[in-house]
Amino acid sequence: MKKYLVLSTLVASVALVGCSNNNNTQQVFGANVPATTISVKQALSARDDSYVTVEGNIISQVDDDEYILADTSGQIRVEIDNHIWQGQNVSKNDKVRIYGEIDSELNKAELKARELTILK
């Protein structure tokens with residue numbers, strides 16, 4: 001019983017250390033996403049599988065769930081699944097904030113949205 005208690009305490013301690021959060025991130029769908037907004041240009045050069053926050057306007061729909069997001073620095077393709085929209089309607093004039101994961105392949109980068117917020 002004593003060994004079990006020690007093991008349980010150790011496992012709980014490791015789990016708490018792994019869940020620590022610093023001031024530069026926030027928890028979104030279990031991923032550490034930077035709270036600081038970066039430009040589309042910076043997102044395009046971000047590491048594969050990194051999480052970023054970008055703001056801009058959705059200027060066009062490319063595919064069923066693929067869109068183009070633009071800010072003053074450039075454009076990036078964004079995959080936005082239906083559940084991310086949460087019933088929101090967005091026009092070209094609406095500025096949005098998107099938290100998501102960068103997917104880089106060869107000479108292109110895309111953003112897979114994890115959360116979308118319309119900015120008022």
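Residues numbered from 1 in each chain as written. Predicted model: local features only at pLDDT ≥ 70, side-chain atom pairs only at ≥ 80, totals over all residues. Heavy atoms only, no water.

The next point concerns the overall build of the protein chain. When helices and strands are tallied, the protein chain shows three helices and seven strands. Reading the secondary structure of the protein chain in the N-to-C direction produces α-β-β-α-β-β-β-α-β-β. Counting all 120 residues of the protein chain, 30% fall into the buried class. Nonlocal contacts in the protein chain, meaning residues at least 24 apart in sequence, comprise 47% of its contacts between residues at least 6 apart. If you sum the accessible surface of the protein chain, you get close to 8100 Å²; carbon and sulfur atoms cover 51% of it. (Helix = DSSP H or I, 4+ residues; strand = E, 2+ residues; numbered from the N terminus. Buried < 20%, exposed > 50% of the residue type's maximum accessible area, 1.4 Å probe, protein only. Contact = heavy atoms within 4.5 Å. Areas by Shrake-Rupley, 256 points an atom, 1.4 Å probe, with all protein chains shown as cover.)

We now examine the pairing of strand β4 (residues 66-71). Of all the six residues making up β4, five are buried; the element is thus mostly covered by neighbouring parts of the structure. Note that strand β3 (residues 51-61) and β4 share four bridges and pair antiparallel. Directly across from Q61, in β4, lies its bridge partner Y67. Once β3 ends, the chain turns through four residues before running back antiparallel as β4. (Pairing = 2+ DSSP bridges.)

Looking now at the pattern of salt bridges. Close approach of charged atoms allows side chains with opposite charge to pair. According to the stated counting rule, one finds eight salt bridges in the structure shown. Here the salt bridges do not stand alone but share partners, grouping E66, R77, K108 and E110 into one network. (Salt bridge = Lys/Arg side-chain N within 4 Å of Asp/Glu carboxyl O.)

On to the environment of I84. Residue placement: I84 occurs in helix α3 (residues 82-85). Note on I84: relative accessible area 4%, which makes it buried. Sequence separation between I84 and E115 is 31 residues; the distance between their C-alpha atoms is 5.8 Å. With residues up to four places along the chain from it excluded, the contact list for I84 reads A113, R114, E115 and L116.

The strands that make up a sheet pair up through hydrogen bonds in the backbone, lying either parallel or antiparallel. As summarised here, the arrangement of the five strands in space is β3-β4-β5-β7-β6, forming a closed barrel in which the pairing is mixed. Strand after strand, the sheet turns through a mean of 55 degrees between neighbouring axes, direction not considered. Pairing between β3 and strand β6 (residues 95-105): seven bridges, direction antiparallel. Bridge assignment links V52 to a residue of β6, and that residue is G100. (Axes fitted to C-alpha atoms, helices over the stretch in contact; angles between N-to-C directions.)

Moving on, we get to the nonpolar core. Core analysis: the largest hydrophobic core is formed by 21 residues, its most contacted members being L69, I80, I98 and L116. Listing elements by their share of this core, those giving two or more residues are α2 (40-44), β3, β4, β5 (74-79), α3, β6 and β7 (108-119). A per-element tally of this core places β7 first, with five residues. Setting aside anything within four residues of it in sequence, one finds I80 in contact with I58, D65, Y67, W85, I98, A113 and L116. (Core = buried A, V, L, I, M, F, W, Y, C linked by side-chain atoms within 4.5 Å.)

What follows is about the pairing of β7. Two elements, β5 and β7, share three bridges in a ladder whose sense is parallel. For R77, the partnering residue across the bridge sits in β7 and is E110. By the bridge criterion, eleven bridges tie β6 to β7 in an arrangement that is antiparallel. Its bridge partner lying in β7, G100 is registered against A113. The hairpin turn running from β6 into β7, its antiparallel successor, is two residues long, and L106 in that turn takes a positive phi close to 45 degrees.

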